Amino acid sequence: MNIADVQVVSILPQMIMLAAALAVFLADLVWKDRKGIGLLALAGALAAFAAAAGMLAGSGAPTFQHMAAADRFALVISLVVSAAAVLALLISLDYVVRVELPAGEYYGLLLLAASGMMFLGAATHLMTLFLSLEILSIALYALAGIRTTDLRSGEAAMKYFLLGAFASAFLLYGMALLYGATGSTYLAGIAAAVPQKPADPMLIGGLALLLVGFAFKVAAVPFHMWTPDVYQGAPSSVTAFMSVGAKAAGFAALVRVLVTVFPALYAWWVWPVGILAVLTMTWGNLAALAQGNVKRMLAYSSIAHAGYILVGVAAGEAGVSGVLFYLMAYALMNIGAFAVLIALERAEADAAGVELARMSGLFHRRPWLAAAMTVFMFSLAGVPPLAGFFGKLYVFSAAVRSGLMVLAIIGVINSVISAYYYLRVVARMALAGPAEEVEPARCLGLSIGTGIAALGTVLLGLYPTWLFNLVQGTLAVLFGG
Amino acid sequence: MDAIRYLLILSAVLFTIGAAGVLLRRNALVIFMCIEIMLNAVNLTFIALSRQLQSLDGQIFVFMVMAVAAAEVAIGLGIIVSIFRHRATTDVDDVSLLKG
């Protein structure tokens, strides 16, 4: 085979991310400057972002040996993941020094996880699907437990690892059955064989196991048990990145598999996905209502948001663009919210996140920080005209177009419930006086990260059509690939 | 023709034993071993189907699964050992600082 035929250029963003990860691991051996290694990682993530944006602006690139696609769907996911990585790195620059995390391992694993997520969004073969999922999962297991002196970090890592590996086994069994039923490991090959044997028990069984595995990975109820503990126990910057990146990648793979491989079996998977969506939204929101710890509340809120996105997945082909839009909006607003929590966290005492009381009177002490948090909370609650509102609007209207009116109505009711616990944070910041004298951290990286996230959330809300045009019709290419 | 059926049933039984072990056992190391049983049950499925379909894809998949399982062992045992150092237990019910 000629080297020119390999088409490495079609996986350029992923390769840049991977190369940056390796460069960080190597630099860590000789260079003990935590900030410097962080900036190196940031440069790598920015380069990957630029590569994804450039390829998105250019004409469609070929696939990588039919193992990974470089279609617009994959590139948008690369864009979301690398943007999330850039923001997560910005808010980590000071945090890593403050809580004394091992810099080389931290930044290297974060970039490695990001490259796995980007590969997962592009995977068009069962093996790339499995390998990229494991790259991101194994890197995240280690990242969740990277604070080795803290028991809660270790506990989070163990829970994440055991349940993640358990879920991987289900996913893998599903893949084996799909291979057995269709004789192909290429998604295109499986898609071609599906219409010939629509009710083959092996095929349906494979699809069901695949759904269970993905439901674990994206934290859908009733497969969410690990989520609150892992998100609370892991260092906040890691939680910010994995709640957004792993979700984006998991949903990307789920949507690609369901929409391109199983359109013929839509009647079989629409109700399981719909029921998952209802359970996930409702349980996530009800559990979030009871939380006094803001980090844990955001963990439950991320479950609820997985539910809203599942509504878009259930809408099938019509929901794809809404799901992509939602993932981008969620990346900005959720990382932003975690950035504010990081600013409020003290090094030792707050490993498990800050309590709601800590937010009291933030408007009086740090008006800009409080204003940014207000934007993120309003956007997460779905208040117009912010990014979160349009995310929900596109997802729910796709559900209505696909005849899933019930899901859209339950989604809207859930948004109203969720407004209570998001706005409670804002009320705390505005009304109550300062409860404790804790000076929030001031750091350039943190300020820039929070600023970009807040600005992005507002701009996506004011000019949603720009992103919506970008994510529209990614599916047409998807079918052709 | 029937050999494939026995192999698939055997691997399904193995997978179920592994899954039941994960849900019922409380020791992190035993749970981890049960997950390995599940992965190997899948490997058996892949090999059986590979023979049935006369294609090598399934066998190559098995190599990848074994490599990934080895990576998982490295990370997983690292996490379990690090917890054991702090509290001298590998019982998952004792590791419960985070709840609610």
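Each chain carries its own residue numbering, running from 1 in the written order of its sequence. Throughout, the order in which chains and ligands are written sets their labels, letters from A for the former and numbers from 1 for the latter. With pLDDT at 70 or above as the cut-off, local features in this predicted model cover only qualifying residues; side-chain atom pairs require 80 or more to be listed or tallied, and sums for whole chains, interfaces and linings still use all residues. Side-chain calculation: all heavy atoms of the structure are included, whereas hydrogens and water are not.

1. Side note on the overall build of chain B
Piece 1. Each helix corresponds to a stretch of at least 4 residues labelled H or I by DSSP, and each strand to a stretch of at least 2 residues labelled E; elements are numbered beginning at the N terminus. Across its full length, chain B holds 3 helices and 0 strands.
Piece 2. Start at the N end of chain B and walk to the C end: the helices and strands fall as α-α-α.
Piece 3. Here the C-alpha atoms of chain B give a radius of gyration of 17 Å, more than 25% beyond the 13 Å that 2.2 N^0.38 yields for 100 residues.
Piece 4. Here the C-alpha coordinates of chain B stretch approximately 50 × 25 × 25 Å along the principal axes.
Piece 5. Looking at chain B as a whole, 42% of its 100 residues are labelled buried.
Piece 6. When checking whether two residues touch, look at their non-hydrogen atoms; a contact exists if any pair is within 4.5 Å. Sequence-distant contacts, at least 24 apart, represent 53% of the contacts inside chain B between residues at least 6 apart.
Piece 7. Note on areas: these come from Shrake-Rupley sampling with a 1.4 Å probe, and a residue is covered only by the protein chains present in the view. Total accessible area on chain B is roughly 5,500 Å²; 67% of this is exposed by carbon and sulfur atoms.
Piece 8. Where the 7 positive side-chain charges of chain B centre and where its 7 negative ones centre are 4 Å apart. Put simply, the radius of gyration uses C-alpha atoms, and a globule should come to 2.2 Å times the residue count raised to 0.38. Three exposure classes are used, based on accessible area relative to the maximum for each residue type with a 1.4 Å probe and protein chains only: buried under 20%, partly exposed in between, and exposed over 50%. Working convention for charge: Lys and Arg count positive, Asp and Glu count negative, and His plus the chain ends are omitted. By convention, the point assigned to a charge is CZ for Arg, NZ for Lys, CD for Glu and CG for Asp.

2. A short note on a nonpolar patch on the surface
Residues and elements named next belong to chain B.
Piece 1. Here, patches come from residues exposed beyond 30% relative accessible area and free of salt bridges, joined within 9 Å for like charges and within 5 Å for nonpolar side chains (Val, Leu, Ile, Met, Phe, Trp, Tyr). For this document, the term salt bridge refers to a Lys or Arg side-chain nitrogen within 4 Å of an Asp or Glu carboxyl oxygen. Residues L7, I9, L10, V13, L14, I17 and I37 make up a contiguous nonpolar surface patch of roughly 540 Å² in combined accessible area.
Piece 2. Take the nonpolar patch: its biggest share by element is 6 residues, from helix α1 (residues 2-24).
Piece 3. Tracing the sequence through the fold places I37 in helix α2 (residues 28-53).
Piece 4. Since its relative accessible area comes to 33%, I37 is described here as partly exposed.

3. A short note on the nonpolar core
Residue and element names in this part refer to chain A.
Piece 1. We define a nonpolar core as any set of buried Ala, Val, Leu, Ile, Met, Phe, Trp, Tyr and Cys residues linked to one another through side-chain atoms lying within 4.5 Å. Counting residues in each nonpolar core, the largest one holds 223 residues, and the members touching the most others are Y107, F262 and M377.
Piece 2. Per-element tally for this core: the top contributor is helix α13 (residues 320-344), with 21 residues.
Piece 3. Those residues in contact with Y107, other than ones at most four positions away along the chain, are V24, R34, I37, G38, A41, L89, S92, L93 and V96.
Piece 4. One finds I11, A74, F119 and A122 within the second-largest nonpolar core, a separate group that totals 5 residues.

4. Some words on unusual backbone geometry
Piece 1. Of note, the amide linkage connecting V221(A) to P222(A) takes the cis form, showing an omega dihedral of 5°.
Piece 2. Along the chain, the position of P222(A) falls in the loop between α8 (201-217) and α9 (226-233).
Piece 3. Omega for the peptide link from P384(A) to P385(A) comes to -5°, which places this bond in the cis form.
Piece 4. In this fold, P385(A) is placed in the loop between α15 (367-381) and α16 (387-401).
Piece 5. Even without being a glycine, E100(A) presents a positive backbone phi close to 55°.
Piece 6. At Q54(B), a position not held by glycine, the phi torsion is positive, near 55°.
Piece 7. Within the element layout of this structure, Q54(B) appears in the loop between α2 and α3 (57-87).
Piece 8. The class of Q54(B) is exposed, set by a relative accessible area of 70%.

5. Examining the packing of aromatic side chains
Piece 1. Working definition: rings of Phe, Tyr and Trp (its six-membered ring) pair if their centres are within 6.5 Å, and the pair is stacked with planes under 30 degrees apart, edge-to-face with planes over 60 apart, and tilted otherwise. One pass over the structure, following the stated rule, counts 23 aromatic pairs over all chains.
Piece 2. An angle of 90° between the planes, with centres 5.3 Å apart, marks the rings of F170(A) and F15(B) as edge-to-face. Taken together, the residues F170(A) in helix α6 (residues 151-182) and F15(B) in helix α1 connect one chain to another. One exposure class covers both F170(A) and F15(B), and it is buried.

6. Quick word on the environment of V313(A)
Residue and element names in this part refer to chain A.
Piece 1. With respect to the secondary-structure elements, V313 resides in helix α12 (residues 294-314).
Piece 2. Take V313: its relative accessible area is 3%, and that puts it in the buried class.
Piece 3. Separated by 43 residues in the primary sequence, V313 and V270 have C-alpha atoms spaced 8.5 Å apart.
Piece 4. In contact with V313, other than residues within four places in its own chain, are F251, L254, V255, L258, W269, V273 and V323.

7. Points about the side chain of S321(A)
Piece 1. Turning to its location among the elements, S321(A) is positioned in helix α13.
Piece 2. Not counting residues up to four positions away in its chain, the partners in contact with S321(A) are F468(A), V471(A) and Q472(A).

8. Things to note about the packing of helix α2 (residues 34-57) of chain A against helix α3 (residues 72-98) of chain A
Residue and element names in this part refer to chain A.
Piece 1. Between N-to-C directions, angles cover 0 to 180 degrees, with each direction set by a line fitted to C-alpha atoms, over the stretch in contact for helices. It is at 9 Å that the axes of α2 and α3 come closest, and there the two elements cross at 165°. Regarding the angle of α2 to α3, the classification is roughly antiparallel. In this structure, α2 meets α3 at a crossing whose hand is left-handed.
Piece 2. Along the lines of polarity and charge, the residues of the contact of α2 with α3 split into 22 nonpolar, 3 polar and 4 charged. Reported orientations rely on four angle classes, namely roughly parallel under 35 degrees, roughly antiparallel over 145, roughly perpendicular from 65 to 115, and oblique for the rest. Rotating anticlockwise by less than a right angle from the far helix to the near helix defines a left-handed crossing, while the corresponding clockwise rotation defines a right-handed one. Classes in brief: Ala, Val, Leu, Ile, Met, Phe, Trp, Tyr, Cys and Pro nonpolar; Asp, Glu, Lys and Arg charged; the others, Gly included, polar.

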